[in-house]
Every structure is written in C-alpha cells, then in structure tokens.
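Breakdown of the fold
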Amino acid sequence: MDELNYTREDLNKLKIFNKGGFEGRILIYNDHLLIKAFEPYLRGIIDFDNKKLKLIRLNQKQINGKILIHPHQLVNVDGQFEGYTMTKIDGGITIDNFTDFRVLVNLYQKLFQKIEILHQNNIIIGDVKHANIVVEDNNPVFIDVDSMAVDEFPMEHRDFCSNTTKSIPNISDKIKRNDETEIDKLKLLACFITSINKNKGNIMDKLMTSDLSDPFKKEIASVLKQDKSNISHNIHDLFDEETKKTSRR
C-alpha cells in the first residue's frame, strides 16, 4: 500500500473538508481524494497499529467503492502513521437526510445486499449508524472503514452503542447470543426503521406505525423480539416484495 509523507506543518496547511468526529479531521488532498488524519494526542489511547494493519488488509481486498469507502494510501506525519486517503464523495449526504419512503426502501434494500458482501469478505462494520452511511446518486456507501473489524483485526469502540442501536429490544442479550454479522444486520435494521418513521416512540412503535406492509411489519417485529437472530433468512425477499408494493402505490 502506497504511503504519503507529511510534516506536521505541511499537513496543517491542507483545507478541512469536515471535522470527522472526535478521532480526527477530514482534509482535502486533491479533487478526488480526502485524508482522514487522526489526532496525534490519541496515540496510545487508540491503537494506531491496529488501524494501519486493517487499512492495509482492506486495501488488499479491493472491495468495490460503491459498497464502502476504499482506503488508497497510508499517511505518515513526521515519520509516524497518522491517517489514510479515501475517495472523496462530493455530492454525498448521510442517509438520515432522506425522508421519501420509496427512496428509503430502495436504499436499504441495497444496503442489506452490500452488508452481506462485506460479511462474506470477513468485514464487520460494528458502528452501523446513519452518520456512517453516505448516499450519492442513489447509491448508499458505508464509511468510517478504519473502525471496522477486518479478518483477525478487531473493530474499534466495541462497547459503544449508538442511540439507534440502544433502541433495539434486549440489545445486550442479543450481542451475547449472536455473532457479529447478525448484530451488524440488526443495527442496520434499526437504522431502517428509524429512517422510515421519524416520529417519537420506541422502535416497535415506529415499526408498527410505519408505511410498511403488514407482512413486513410482522416478520421484522418477530426478528426484533427474538434473542437469537437469523436476519439473512428472508430479509432480501421481504425487501423485494416491499419494493414491488411501494412501486404500485
């Protein structure tokens, strides 16, 4: 994997694309690539070596850029690893900015297909939340790749749960009883439900008062109530049927 080398002074001259969360900044490298630069004071708190090895492995896997943001080059600052370049999505917005029911059903159908591909490649997203899904030209993409689990390299912030994840009934028990691929899909399912129904209430209320068809509601309610999940069993068929129904409305 190619590497870029900066001095601290030269890195700080780059324009900021966005703040990038508590871990670091997103900087503009060129018209096509961004740099995610980790805050240097986090060295020793966050395992930079783990991040570096994961990024190298992800780069080797060559996952399609329409599935997740692909890491291109490692970035060293004053001789130490401190970030990576990734594809710049100029027109992308996070999925929580969408409100049209038909559009959301279509986007999440694609996301469930893509998450299966990631799992087949031994990649666990872990931090599945609206802020980590960017949509450009009706194509949803998973971002924040350095926090994911890849092969033998563990995910970051394993014990952290977003508010959407916390809304899943008995989520602590589910995490104990299911493998990480099922938890990934449960989290994505919770994102879907809170996307299609932004009214107040718990996740079951949101599901049952949504515009989804009754068979979809019944099946997903059953999934959410069970401590042992098997979301892959028929989730794709459910979305196929729902897509057909929404197109007729």
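Residues numbered from 1 in each chain as written. Predicted model: local features only at pLDDT ≥ 70, side-chain atom pairs only at ≥ 80, totals over all residues. Heavy atoms only, no water.

**Examining the environment of I28**
Test applied: Secondary structure counts use DSSP, requiring at least four H or I residues in a row for a helix and at least two E residues in a row for a strand, with both numbered from the N terminus. Contacts between residues were defined by any pair of non-hydrogen atoms, one from each residue, lying within 4.5 Å.
Topologically, I28 is positioned in strand 3 (residues 24-28). Along the backbone, I28 and N234 are 206 residues apart, and their C-alpha atoms lie at a distance of 42 Å. If sequence neighbours within four positions are ignored, I28 has contacts with L14, K15, F17, L33, L34 and K88.

**Observations concerning the sheet that holds strand 2 (residues 16-18)**
Short version of the rule: At least two DSSP bridges between two strands are needed for those strands to be called paired. Here an axis means a line fitted to C-alpha atoms, over the contact stretch when the element is a helix, while the angle between two N-to-C directions is reported on a 0 to 180 degree scale.
Read from one edge of the open sheet, six strands run 1-5-6-4-3-2, paired in mixed fashion. The two strands at the open ends of the sheet, each matched to only one other strand, are strand 1 (3-6) and strand 2. The sheet shows a mean angle of 35° between the axes of neighbouring strands, taken without regard to direction. Looking at chain direction, strand 5 (residues 71-77) and strand 6 (residues 80-87) are connected through five bridges and run antiparallel. In the sheet register, L74 faces strand 6, and the bridge partner there is Y84. Lying over the sheet, helix 2 (residues 48-61) contacts strand 4 (33-38), strand 5 and strand 6, oriented at roughly 150° with respect to strand 5.

**Brief notes about the pairing of strand 1**
Formally: For the exposure calls, accessible area comes from a 1.4 Å probe over protein chains only, and a residue counts as buried if that area is under 20% of its type's maximum, exposed if over 50%, partly exposed in between.
By the alternation rule, side chains of strand 1 split into L4 and Y6, which are all buried, and E3 and N5, of which none is buried. With four bridges joining them, strand 1 and strand 5 adopt parallel strand pairing. In the strand pairing of strand 5, N5 is matched with N76.

**Observations regarding the pattern of salt bridges**
The cut-off we apply is this: Salt bridge, as used here: a side-chain nitrogen of Lys or Arg that lies within 4 Å of a carboxyl oxygen of Asp or Glu.
Scanning the entire structure with this criterion turns up 18 salt bridges. We note a salt bridge from K51 to E23, for which the minimum N-O separation is 3.2 Å. One end of the pair, K51, is in helix 2; the other, E23, is in the loop between strand 2 and strand 3, with 28 residues separating them in the sequence. Residue K51 shares its accessibility class with E23, and that shared class is buried. A salt bridge links E82 to R43; the shortest N-O distance between them is 3.4 Å. With E82 in strand 6 and R43 in the loop between strand 4 and helix 2, the pair connects residues that are 39 residues apart, well separated along the chain. By relative accessible area, which is 2% here, E82 ends up buried. Each of E23, K36, K51, D144 and D146 takes part in one network of salt bridges that share partners.

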